[in-house]
Amino acid sequence: MNNKDNLRRIIIATAISFIFFFAYDFFVLQPSIKNAPIKKNETKEVKTTKSTLKQEIVATIEAKNYEVKIDELGRINSFILKQNKFNENGKHLELIPPKLPKPLEVRFENKELNKKAFSTKVSVDKSYIKLSGTKKTLTITQNLGDEVVKKTVTFYPNGRYDVKVILTKPTIYYISPGYRPNVAVDSLTIHGALIKKADGTLEIIEDGDAKVENINNAIVTAGFDRYYTTLFFSKTPFEAIVTPDDNKNPILFIKSDKNLNLIGYIGPKYVDTLRSIDSELVDVVQYGVGTFFARNLFLVLDFLYKLVGNWGVAIILLVILVRLLLFPLTFRGMVSMYKLKELAPKMKQIQERYKNDPQKLQMHMMKLYKDHNVNPLGGCLPLLLQIPIFYGIYKLLLYSIELKGAHFLWIKDLSEMDPYFILPVLMGITMYIHQKLTPTNFQDPMQEKVFKFLPVIFTIMMATFPAGLVLYWTTNNILSILQQWIINKVMEGKKLLKAKK
Amino acid sequence: MLRKIVIKLINAYKFISPLFGNKCRYYPTCSTYAIWEFENDNFIIAFFKSFLRILRCNQFFKGGIDYPVVSKKLGSVKFGEKREVNYWYIPIKKNKFIVIKVDR
């Protein structure tokens, strides 16, 4: 009895932590747009000044994975990813869209100064840097008469760059991490800007919702699309500015009048890379609603991936892992099955008597179970526990750059649909078999008809879903079939034993 | 409004639920329990109670017959008024009733 009480406590504890997870996700991690202080008068819109220069390239930085080009105004004009993964139609991926501002763009509050800044060429100390293994530094200087802006930029091989902005005279200026990458933008996923404050709260401004905002104690300001980001980070809080563009998409700046030390990053939202720069940056990877859950699920899946080296296999292992976690529950059910066999004659009787009334049949069965202290049914909780995991995987396949282009057997990309429809069909078949093996009773004949067609409906529905998701479901079905088959065998064995006696 | 949407959703779930096999350890099943709760109780309480019921619906709990119990104050019926009976309320304590849907 004591043991049972303990088990109950464990279940309740698990349940409470689940409630906590969801509540935390919902109340804490949701964008807190309402609380943000909006001081409209303080910040005038950071106006774009048309440059008179042609934006010629003055410096190029080449690393193994990327190539950066700095233009005449001292901004990052081009950032190209060189890995094969990021090739699209034979072209390398460009993360800097033509829209302004570009990363490292500096604008001044003073109109005269600003005008001058956008018509004065910068000078650089090197015009070509080859990064091989270690970081290297480029110094960009812009002489504006009585003000000299010096930007010391240190590039790292993983896409990180450190910026040191030094002014000769204090004046209010704005520096931008750049317009968000415009590579993977669709209506299915969120894209826009993210600002993390020093107290850990996040503010997510989706494209189309931006308004003028000042955020005082920000430590991260990032523009992001589905897979890529450009960001600034600093351990010492800074003042982040959001201004909307013509489409109400957020444009990010950092406002300052002193020298600044910033860490920047441009590139894919690899969790590992971001964490290696600073653990605060992991939050830049957003998964939409359910981010907290998806992020933790990613850690598990990533761990499995690092064990086996294939995302498809990792998903299969995840299914098995979930099943193993639920095994104590399944096992109790199986033990219950044994006891149940002794009640078979009584069950038959009840089944005969209430043949035409499934409601009553169900009730009397329950009564019988309770009288004999058995219950063979698995329960709703193990079933419903699958839903958040399924949803989490869906989110991961949608947002994780790690899972993009993950191949598995004949599938080239688990985050896209199976081009040959093998997996969805396989899922339909396994679903059908599982249906055949599981005893069910129906409340109305219409339901029974629809039920028979469900595998077909689900096959069609799942055909366009990411292959990884279908893989998860198919594996789950196969394991369910296996489990049901074992249960059926056990029951049959019992029956035979009884018959012999 | 919200109540109606939730009940519709649960009904939709009930319709496809045979897909997952007979699973529920209780009578009435969790989904039926939830519908009865939502039709007879405060929305938040109904939600909470249904949630707890699902949590209880696993191999570590006995299962069996478990009807929703609601607090209710019964009003009077005017003389001659015809009312459709949807639920039976079986009193167990003062203002506490076991809810059973009328079987039609």
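Residues numbered from 1 in each chain as written. Chains lettered and ligands numbered in written order. Predicted model: local features only at pLDDT ≥ 70, side-chain atom pairs only at ≥ 80, totals over all residues.

1. Quick look at the overall build of chain A
Scanning chain A from N- to C-terminus turns up 12 helices and 17 strands. Put simply, chain A has 501 residues, and 35% of those count as buried. Taking contacts inside chain A between residues at least 6 apart in sequence as the whole, the part at least 24 apart equals 66%. (Helix = DSSP H or I, 4+ residues; strand = E, 2+ residues; numbered from the N terminus. Buried ≥ 20, exposed ≤ 12 C-beta atoms within 10 Å, placed from the backbone. Contact = placed C-beta atoms within 7 Å.)

2. Quick look at the environment of Pro 466 of chain A
Residue and element names in this part refer to chain A. Secondary-structure assignment places Pro 466 in the loop between helix 11 (445–462) and helix 12 (467–500). A tally of 22 C-beta atoms within 10 Å means that Pro 466 is categorised as buried. For Pro 466 and Lys 151, which are 315 residues apart along the polypeptide, the C-alpha to C-alpha distance reads 44 Å.

3. Thoughts on the sheet that holds strand 3 (residues 69–71) of chain B
Residue and element names in this part refer to chain B. If you trace the 3 strands from one edge of the open sheet to the other, you get 3-5-4, paired in antiparallel fashion. Edge positions in the sheet fall to strand 3 and strand 4 (87–93), since each of these pairs with one other strand and no more. The sheet shows a mean angle of 40° between the axes of neighbouring strands, taken without regard to direction. Judged from the 3 bridges that link them, strand 3 and strand 5 (residues 96–101) form a sheet pairing that is antiparallel. Residue Val 70 lies in a different strand from strand 5, and its bridge partner there is Phe 97. (Pairing = 2+ DSSP bridges. Axes fitted to C-alpha atoms, helices over the stretch in contact; angles between N-to-C directions.)

4. Here we look at the domain arrangement of chain A
Residue and element names in this part refer to chain A. Each assigned domain of chain A is listed with its residue range as follows: domain 1 (56–281) and domain 2 (296–500). One C-alpha centre belongs to domain 1, the other to domain 2; they are set 48 Å apart. Each partner contributes residues to the interface: domain 1 has 9 residues there, and domain 2 has 7 residues. (Domains from an automatic or database assignment.)

5. Things to note about the packing of helix 1 (residues 2–16) of chain B against helix 2 (residues 30–40) of chain B
Residues and elements named next belong to chain B. Between helix 1 and helix 2, the shortest axis-to-axis distance is 10 Å and the interhelical angle comes to 165°. By the angle class used here, helix 1 and helix 2 are roughly antiparallel. Here helix 1 runs over helix 2; the crossing is left-handed. Contacts between helix 1 and helix 2 pair Arg 3, Val 6, Ile 7, Ile 10, Tyr 13 and Lys 14 from the former with Ser 31, Ala 34, Ile 35, Phe 38 and Glu 39 from the latter. Residues belonging to the contact of helix 1 with helix 2 are distributed by class as follows: 7 nonpolar, 1 polar and 3 charged. (Parallel < 35°, antiparallel > 145°, perpendicular 65-115°, else oblique. Left-handed = near helix turned anticlockwise from the far one by under 90°. Nonpolar A, V, L, I, M, F, W, Y, C, P; charged D, E, K, R; others polar.)

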